[in-house]
Amino acid sequence: MKASAIGPSNIAFVKYWGKRDERLILPFNSSLSMTLSPYTLDNKPFHTITTVEFSSRLDRDSFIINGLEQPLDKEHNEAIRVIEILKELADAKEMHFRVESFNSFPTAAGLASSASGISALTVAASKALGLNLSRKELSVIARQGSGSACRSITGGLSLWHKGELDDGSDSYSEELISSNDLDLVDIVMVLSNEEKKIKSRAGMKTTVSTSRLFRSRVDIAEQLISEILSSIKNKDYHKLYELIMKESNNFHAVLMDTYPPIIYLSDRSKEVIYKVHEINKDRNICAYTFDAGQNPHIITDESNLDKVVKLISDIESDAVYILKPGDGAHLVDKSLF
Ligand code: PMV
C-alpha cells in the first residue's frame, strides 16, 4: 500500500484570502489560478514529489520533508488533516503511515509549497489506500489541508468554486482551460529565500476580523474572475495583465489595511512593480503578481517571453524559474523509499 505523486505549484490571478469556515477551509470568495508545469523550460524540477505508505506493520507514523522529521499534530502540520480524512474514507484507522516528501523549490517563500505538497500527498495517499476518487473529490479533500492546494489537483486554468453548502461539498476546483490551450508563461523571480514572517493561515484570519477593505475585495471577486476569463479566451492580454496587476495590488492593499498590517512586499518587490510598469508603458506585455511573499511572478505570453526575460534581466535575483502551465497532481512510478 504505497504510492508516489508529483504535485505542482499554482499562481492565483484572483487570490484566495479569508475563510468563512476555519475547520473545513471554506473561502469567502472563489479564486482562479494557473497550475504550473512541474519542470521549468530548462528542465529544472519545480514541484513536490511525495511517497506515502500505509501499513499495519509500521510501528509508528512518520512524516519527512526534505529529510527533516515533521510534527504529527494538526496544529503544526496541515497535511495530517488530509491523512485523517482519507484513512476514515478507506476504513483504515488502525494503520500507520510513512510519508516522505521532497520539495524542489524554496519552502514558505510565497511559492505555494503548501499547494504542491498537499496536492501530491492527497493523490499519493488516496492511491496508497486503494481509494478511487474523482478530481472533484480529491480537490475537496486537498482543500481541507490547505485551501490553495485544491487548485493544484486540477491543471491549466483552474477555478476554485467558493461553494455555498455548509459541508463544503460544493467548494472544489474545476479545470476550465487545459494547459495545452493556454499560451501564458510564469517567470518566477526568487528575490529572497527567506521564510515569510506571517503564515497565510494566521494572516488571513486577522484580515477577516480587522480589515474593512476586505469586504469590498470579496464583493468584486466573481466579476473579476469572469473578466479575466473573457480576456484569456479573447487573447486580450493587454487587458488581462492590467486585471492581474490590479488584483495583486488590491490584495496587498487589503493586507496593509489589516491590523496590525501585513506587509509581504519588500523594497525589491517594489522595484519590480515599477520596472514592469516601465516595460508596459506603451502597451501591457506582462504583469506582476505577488502571493503571500515578496517574490514576484511575472506573467506573460509566449510571444512576449523572450522580450520580457531580456527586459527584466537587470533585476538582481537569487534564481529565476520560467514555467509554462501544467497538469494537476498525478501519480508517478518512482518511490522515495
Ligand atoms: O496556501 P494557503 O492555502 O495557505 O493560501 C495562500 C493563499 C495565497 O497564496 C496568498 C493566494 C492564493 O489564492 O493562492
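Residues numbered from 1 in each chain as written. Predicted model: local features only at pLDDT ≥ 70, side-chain atom pairs only at ≥ 80, totals over all residues. Heavy atoms only, no water.

### Description of the overall build of the protein chain
If you tally the helices and strands in the protein chain, you get eight helices and 16 strands. For 337 residues, the compact-globule estimate of 2.2 N^0.38 gives 20 Å, and the protein chain sits close to it at 19 Å. Taking all 337 residues of the protein chain together, the buried fraction comes to 57%. Of the contacts formed within the protein chain by residues at least 6 apart in sequence, a portion of 76% connects residues at least 24 apart. With the model as given, the accessible surface of the protein chain reaches about 14900 Å², and the carbon-plus-sulfur share is 49%. Treating the 40 positive side-chain charges of the protein chain as one cloud and the 47 negative ones as another, the clouds have centres 1 Å apart. (Helix = DSSP H or I, 4+ residues; strand = E, 2+ residues; numbered from the N terminus. Rg over C-alpha atoms; globule rule 2.2 N^0.38 Å. Buried < 20%, exposed > 50% of the residue type's maximum accessible area, 1.4 Å probe, protein only. Contact = heavy atoms within 4.5 Å. Areas by Shrake-Rupley, 256 points an atom, 1.4 Å probe, with all protein chains shown as cover. Lys, Arg positive; Asp, Glu negative; His and termini not counted. Charge placed at Lys NZ, Arg CZ, Asp CG, Glu CD.)

### Some details on the pairing of strand β5 (residues 31-35)
Of all the five residues making up β5, five are buried; the element is thus mostly covered by neighbouring parts of the structure. Residues Ser31, Ser33 and Thr35 point to one face of β5 and Leu32 and Met34 to the other, with burial holding for every one of them. Taken together, the four bridges between strand β2 (residues 10-14) and β5 define a ladder with antiparallel strand orientation. Bridge pairing links Asn10 to Thr35 in β5. The sheet contact formed by β5 and strand β10 (residues 157-160) spans four bridges and is antiparallel. Within β10, the position partnered with Ser31 by the bridge is Trp160. (Pairing = 2+ DSSP bridges.)

### Some points on the sheet that holds strand β6 (residues 47-55)
If you trace the six strands from one edge of the open sheet to the other, you get β8-β7-β9-β6-β1-β16, paired in mixed fashion. Only two strands of the sheet have a single neighbouring strand rather than two, namely β8 (68-69) and β16 (330-332). The sheet strands contacting helix α2 (residues 113-128) are β1 (2-8), β6, β7 (62-65), β9 (96-103) and β16, and the helix crosses β1 at an angle near 155°. (Axes fitted to C-alpha atoms, helices over the stretch in contact; angles between N-to-C directions.)

### Let's talk about the site of the ligand
Contacts to the ligand come from 14 residues, most closely from Tyr16, Ser146, Ser148, Arg151 and Ser200. Ser146 is positioned with one of its side-chain polar atoms (N or O) 3.0 Å from an oxygen atom of the ligand. Between an oxygen atom of the ligand and a side-chain N or O atom of Arg151, the distance comes to 2.7 Å. Across the complex, the protein chains shield 91% of the 390 Å² of accessible surface that the ligand would expose by itself. Residues belonging to the shell around the ligand are distributed by class as follows: six nonpolar, five polar and three charged. (Near = heavy atom within 4 Å. Polar contact = N/O pair within 3.5 Å; in protein donor to acceptor, adjacent residues only side chain to side chain. Nonpolar A, V, L, I, M, F, W, Y, C, P; charged D, E, K, R; others polar.)

### Concerning the environment of Tyr321
For Tyr321, the location among the structural elements is in strand β15 (residues 319-323). When its relative accessible area of 12% is taken as the criterion, Tyr321 is described as buried. On a C-alpha basis, the gap between Tyr321 and Tyr39 in space is 9.0 Å, while along the polypeptide they are 282 residues apart.

### Observations concerning the layout of surface pockets
Here the second largest pocket defines a volume of roughly 250 Å³. Residues that form the lining of the second largest pocket fall into these classes: six nonpolar, three polar and four charged. (1 Å grid on protein atoms, 1.4 Å probe; cavity = no way out; pocket = protein on both sides within 12 Å on 5 of 7 lines; lining within 4 Å. Points joined across faces, edges and corners; volume = space filled by probe spheres on them.)

### As for the side chain of Ser62
Of note, Ser62 is situated in strand β7. Judged by relative accessible area, which is 9%, Ser62 ranks as buried. Residue contacts for Ser62: discarding those within four places in its chain leaves Glu69, Leu72, Phe97, Arg98 and Val99.

### Considerations on the packing of α2 against helix α3 (residues 135-143)
For the pair α2 and α3, interaxial distance at closest approach is 9 Å and the crossing angle is 125°. In this view, α2 runs oblique relative to α3, as classed from their interaxial angle. As α2 packs across α3, the resulting crossing turns out to be right-handed. Taken together, the residues of α3 that come into contact with α2 (itself represented by Ile118, Thr122, Val123 and Ser126) are Leu138, Ile141 and Ala142. The residue inventory of the contact of α2 with α3, partitioned by class, reads five nonpolar, two polar and no charged. (Parallel < 35°, antiparallel > 145°, perpendicular 65-115°, else oblique. Left-handed = near helix turned anticlockwise from the far one by under 90°.)

### Let's talk about the sheet that holds strand β13 (residues 286-289)
Sheets are built from strands paired through backbone hydrogen bonds, the pairs being either parallel or antiparallel. Reading across from one edge, β13-β14-β12-β15 is the order of the four strands in this open sheet, with antiparallel pairing throughout. Each of the sheet's edge strands pairs with one partner strand only, and the pair in question is β13 and β15. Each neighbouring strand pair of the sheet contributes to a mean axis angle of 20°, computed without reference to strand direction. In this structure, β13 lies alongside strand β14 (residues 297-301), joined through four bridges in antiparallel fashion. Residue pairing across strands places Thr289 opposite His297, the latter belonging to β14. Those strands touched by helix α7 (residues 267-279) are β13 and β14, and its axis lies near 165° from that of β13.

### Re the nonpolar core
Soluble globular proteins tend to bury their nonpolar side chains together. Among the nonpolar cores identified, the biggest contains 49 residues, and Phe13, Ile228, Ile232 and Ile298 are the most heavily contacted of them. Look past the residues within four positions of Phe13 in its chain and what remains in contact with it is Leu32, Ser33, Met34, Leu157, Leu184, Ile228, Ile232, Ile244, Glu247 and Ile299. Among the nonpolar cores identified, the runner-up in size contains 29 residues, and Val52, Met95, Leu129 and Ile153 belong to it. (Core = buried A, V, L, I, M, F, W, Y, C linked by side-chain atoms within 4.5 Å.)

Everything listed here is a matter of coordinates, which is why it stays silent on function.
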